[in-house]
Amino acid sequence: MKKLFLLFLVGLFTSCVSQDSKIKVLIIDGVNNHNWQKTTKATKATLLKTGRFTVDVSTSPGKKAAPAEWEKWNPDFSKYEVVVSNFNDGGKTLWSTKTQKAFESFVKNGGGFVPVHAADNSCADWVEYNKMIAIGGWGGRKAGKSGFLLRKKDGSWNKCCENSGKSGDHGPQREFLVKHDQPNHPIVKGLPTEWLHAKDELYHSLRGPAENVEVIASAFSLKGSKETEPMIMIIKYGEGTTVHLPMGHANGTSLQCVGFQTIFARSTEFAARGKVTIAIPASFPRKEKASVVDPEKLLWK
Ligand code: ZN
């Protein structure tokens, strides 16, 4: 009887641990036209402050490193549940073929992926990467070559403009209103359905294969395309899930925006586990007022 009770306790303990275990995140950085040190510091601090994640960082060789250096950069993605990208090679893929294949298998087999801001400028020539992010900008992407824009018409999102329009741009940095297209999606459920994002670049006219993609939130590009642009996208790639976040320019206050931090942390949890348990900070922005707090000081409960 004693033995049975002990087994019961062990079972209970194991099941608690497996349900509540921290999510293992890998942030990749090292090359970016933005201040990637600043972005990694802020995004890592946001994740750690929630108490829900453990975070490792893998910094790649520099942009001008010899191919032999890139051959040696092989993060072990399989040790993680989700990869956050703060990496932008400017369009021409720098990763070795081995590392590209390892990353494709990681996501295809159920891994999570969260590309932040300029990560969607990366790898214009890597077909599978573009499937994972659905749409991207700059880096040699072009109308007639790189796929579609996503445009909202009569309440639904459609592919369009395969042969016309830009392939990534942004207007001047400003505060802008983020609206939730799917307010009941776990990432945004319980949040105000419209909130003012702190000053940031509003990416517009991103282009790509746009397959298996759902838009969860969007913003109107008043100073750019004058169209509604996706701000949170979910892409299924094999068994894996990407949550693509075009917000998060390194300079200014976009990474300190409580709205961004909340969306980023909840998106990372969703990409990893398919559900969201992270609380909503009381300082979450409202429609009329943005809210900025350093990640180290943000109170999550
Ligand atoms: Zn930027």
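Going by the structure above, here's the rest.
Just so it is clear, the structure is predicted and the values come from calculations on it, not from any experiment. (Residues numbered from 1 in each chain as written. Predicted model: local features only at pLDDT ≥ 70, side-chain atom pairs only at ≥ 80, totals over all residues. Heavy atoms only, no water.)

**A few points about the overall build of the protein chain**
Scanning the protein chain from terminus to terminus reveals six helices and 13 strands. For the protein chain, whose C-alpha radius of gyration is 19 Å, the value lies close to the compact-globule estimate of 19 Å for 301 residues. Overall, the protein chain is about 75 × 50 × 35 Å in size when its C-alpha atoms are taken along their principal axes. Going through the 301 residues of the protein chain one by one, you find that 52% of them count as buried. For the protein chain, the share of sequence-separated contacts (at least 6 apart) that also reach a separation of at least 24 residues comes to 70%. (Helix = DSSP H or I, 4+ residues; strand = E, 2+ residues; numbered from the N terminus. Rg over C-alpha atoms; globule rule 2.2 N^0.38 Å. Buried < 20%, exposed > 50% of the residue type's maximum accessible area, 1.4 Å probe, protein only. Contact = heavy atoms within 4.5 Å.)

**Brief notes about the coordination of the zinc ion**
The zinc ion binds to the protein through H34 (NE2), H117 (NE2), E201 (OE) and H249 (ND1); the donor distances cover 2.0 to 2.1 Å. Seen from the zinc ion, its four donor atoms lie at angles of 92 to 155°, and the figure they make is irregular. Each donor residue of the zinc ion belongs to the same chain, and together they define the spacing H-x82-H-x83-E-x47-H. On the criterion of sequence distance, the pair formed by H117 in the loop between β4 (112-115) and α5 (127-133) and E201 in the loop between β9 (194-200) and β10 (203-204) is long-range, its members being 84 residues apart. (Donors = N, O, S within 2.8 Å, 3.2 Å for Na, K, Ca; no water. Tetrahedral: all angles 85-135°; square planar, octahedral: opposite > 155°, others 65-115°.)

**Structural notes on the pairing of strand β5 (residues 149-153)**
Regular strands show a simple pattern: their side chains alternate between the two faces of the sheet. Of the strand pairs in this sheet, β5 and strand β6 (residues 156-160) are connected by five bridges, and their pairing is antiparallel. Within the sheet, the bridge partner assigned to R151 lies in β6 and is N158. Taking the residues that link successive antiparallel strands as the turn, the β5-β6 hairpin has two residues, and the phi of D154 there is positive, at about 50°. (Pairing = 2+ DSSP bridges.)

**A look at the sheet that holds strand β2 (residues 53-59)**
Spatially, the nine strands line up as an open sheet ordered β2-β1-β3-β4-β13-β12-β11-β8-β9, and their pairing is mixed. Two strands bound the open sheet, and with one partner strand each, they are β2 and β9. Direction aside, the axes of adjacent strands within the sheet are offset by 25° on average. Sheet topology places strand β3 (residues 82-85) next to β4; four bridges connect them, and they run parallel. Bridge assignment links S85 to a residue of β4, and that residue is P115. Each of β1 (23-29), β2, β3, β4, β9, β12 (228-237) and β13 (240-244) is contacted by helix α6 (residues 258-273), which is oriented at about 155° to β4, the strand it contacts most. (Axes fitted to C-alpha atoms, helices over the stretch in contact; angles between N-to-C directions.)

**Remarks on helix α2 (residues 36-50)**
The end-to-end C-alpha distance of α2 is 21 Å, a good match for the 21 Å that 15 residues give at a rise of 1.5 Å each. For α2, the set of buried residues is W36, T39, T40, A42, T43, A45, T46, L47 and T50. As for α2, its buried residues are in contact with β1, β2 and α6. (Expected span 1.5 Å × (residues − 1).)

**Considering the pattern of salt bridges**
If charged atoms from side chains of opposite charge come close, those side chains can pair. Taken as a whole and assessed by the stated rule, the structure comprises 10 salt bridges. Note that R151 and E229 form a salt bridge whose closest N and O atoms lie 2.9 Å from each other. One end of the pair, R151, is in strand β5; the other, E229, is in strand β12, with 78 residues separating them in the sequence. Of the residues examined, E229 reaches a relative accessible area of 2% and is grouped as buried. (Salt bridge = Lys/Arg side-chain N within 4 Å of Asp/Glu carboxyl O.)

**Let's talk about the packing of α2 against α6**
Across the interface, α2 lies against α6 with an axial gap of 10 Å and an inter-helix angle of 70°. Judged by the inter-axis angle, α2 sits roughly perpendicular to α6. Packed against α2, whose contacting residues are T43, T46, L47 and T50, the element α6 presents Q261, F264, A265 and T268 at the interface. Here the contact of α2 with α6 is built from residues that sort into three nonpolar, five polar and no charged. (Parallel < 35°, antiparallel > 145°, perpendicular 65-115°, else oblique. Nonpolar A, V, L, I, M, F, W, Y, C, P; charged D, E, K, R; others polar.)

**Observations concerning helix α4 (residues 97-108)**
Between its terminal C-alpha atoms α4 stretches 16 Å, which fits the 16 Å expected from 12 residues at 1.5 Å a residue. When α4 is considered as a whole, its buried residues turn out to be T99, Q100, F103, E104, F106 and V107. Seen end-on, α4 carries its buried residues on one side only, within an arc spanning 160°. Residues of α4 that are exposed and point more than 90 degrees away from the buried face comprise T97 and K98. The inward-facing, buried residues of α4 abut β3, β4, α5, β12 and β13. Positive backbone phi, approximately 115°, marks G110, located one or two places after α4. (Arc of directions from axis to C-beta.)

**Topic: the state of the cysteines**
Under the criterion given, the structure shown has one disulfide. Disulfide pairing is shown between C160 and C161; the S-S distance is 2.2 Å. Judged by the sign of its S-S torsion, about -60°, the cystine formed by C160 and C161 is left-handed. Judged by relative accessible area, which is 29%, C161 ranks as partly exposed. (Disulfide = S-S within 2.5 Å.)

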